[in-house]
Amino acid sequence: MLIKRSEDIPSSDITPESTYLNRRKFIAGFGLGGALGSSMIRSQFDSAKVLEDEFSRTQKDWSRVRSDLDEELNSYEDVTTYNNFYEFGTGKDDPAKNSHTLKPHPWNIEVDGLCAKRGTYGLEEFIKPRNMEDRVYRLRCVEAWSMVIPWYGFSLKEVIDWAEPLGSARYIEFTSLYNLEQMPMQRSFVLEWPYVEGLRLDEARHPLTILVTGVYGRELPNQNGAPLRLIVPWKYGFKGIKSIVKIRFTETQPLNTWQQSTPREYGFYANVNPGVDHPRWSQARERRLGELRKRPTLMFNGYGEQVANLYSGMDLRLNF
Ligand SMILES: Nc1nc2c(c(=O)[nH]1)N[C@H]1C(S)=C(S)[C@@H](COP(=O)(O)O)O[C@H]1N2
Ligand SMILES: [Mo]
């Protein structure tokens, strides 16, 4: 991959607004150390020039993609310090604090179920043949906050076409890592582990659905679901399962973790829908991180033109 490991870069300095001035501060910051160990500082210092070049390249790219969506990006800081990843705690700042125990390399992906390519694949061979792209998508959490994030990944459709699902396959199921050493909080029973998600095969094949390996032009930090996670931009954030170890093609609808845990509150579809309230709060408005005033939530998170046809004829009150 072209991109830098995220831990090589102090997150506080990576924002879309980073200017020449910020970049200088960023380089000067290498001398400060902070919480970093000395070997880390040395390796950062050695690669400072490389990073500066990389940094100016990505800045250019971000201004282009940003104008495509016409919305301000959330900062790298927001994206990597305000997270949901219950394997590392239920607080928004827990994943950034606790996910250092996750080891995203080496990593294997198991492909299973109703398809021709069943087997276990190393992450590299699973990812390398795909068309990697930068894509800016909104992420809307069911808890009524949202962000705009520059992801780096590839269409899930590429994997599906490669895997050759059988005619009987109608759904795809994803499973996160279950590992008590890397995810010690899986000893507690906040949710059933491992975390599981699912999509109907036509949703999974939609060009907006991506598997993500990076964010902000850099390798996905552990707290965001390294080394591989799902993003389905018209659905609530909980569909975006992190640290995926298994993909399985099925005939029957997978039971996703949140539906299993609280079926009254979380369904299989989880389409962003301002007209269907969560039983304990409204879904009509959302707070974009960094903004004070709430904004109205858009049907399908603003992607209705592209995805509404997937649900024609369905009652989205029943299928929430
Ligand atoms: N394995 C796993 N995946 C997960 C979660 C989780 O707790 N465990 N939380 C989900 C929820 S509720 C949201 S909103 C998004 C948050 O993604 P982010 O932290 O990268 O913004 O991850 C989703 N994927
Ligand atoms: Mo969420």
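Before going into details, it helps to say that this report is about the structure given with it. All figures in this text were calculated on a predicted structure; none of them were measured in a lab. (Residues numbered from 1 in each chain as written. Chains lettered and ligands numbered in written order. Predicted model: local features only at pLDDT ≥ 70, side-chain atom pairs only at ≥ 80, totals over all residues. Heavy atoms only, no water.)

Further remarks concern the environment of Val-159. Within the element layout of this structure, Val-159 appears in helix H7 (residues 156–163). Taking C-alpha positions, Val-159 is 9.9 Å from Ile-247, a pair spaced 88 residues apart along the chain. Excluding residues within four positions of it along the chain, Val-159 makes contact with Phe-126, Arg-130, Phe-154 and Leu-211. (Helix = DSSP H or I, 4+ residues; strand = E, 2+ residues; numbered from the N terminus. Contact = heavy atoms within 4.5 Å.)

For the bond running from His-105 to Pro-106, omega is -5 degrees, close enough to zero to count as cis. Mapped onto the elements of the fold, Pro-106 is located in the loop between helix H5 (94–98) and strand E1 (108–113). Each neighbour pair has its own omega, and for Trp-193 with Pro-194 the value is -5 degrees, a cis peptide bond. Inspection of the secondary structure puts Pro-194 in the loop between strand E5 (171–176) and strand E6 (196–200). Phi at Glu-164 is positive, roughly 50 degrees, even though this residue is not glycine.

Here we take up the sheet that holds strand E10 (residues 244–250). The pairing of strands in a sheet happens through backbone hydrogen bonds and is either parallel or antiparallel. Spatial strand order, E2-E1-E10-E5-E6: five strands in an open sheet with mixed pairing. Single-partner strands in this sheet number two, and they are strand E2 (119–122) and E6. Neighbouring strand axes in the sheet, compared pairwise and without regard to direction, differ in orientation by 20 degrees on average. With four bridges connecting them, E1 and E2 associate as antiparallel partners. Within E2, the residue paired with Val-111 across the bridge is Gly-119. Where H7 meets the sheet, its contacts fall on E1, E2, E5, E6 and E10, and the angle it forms with E5 comes to roughly 110 degrees. (Pairing = 2+ DSSP bridges. Axes fitted to C-alpha atoms, helices over the stretch in contact; angles between N-to-C directions.)

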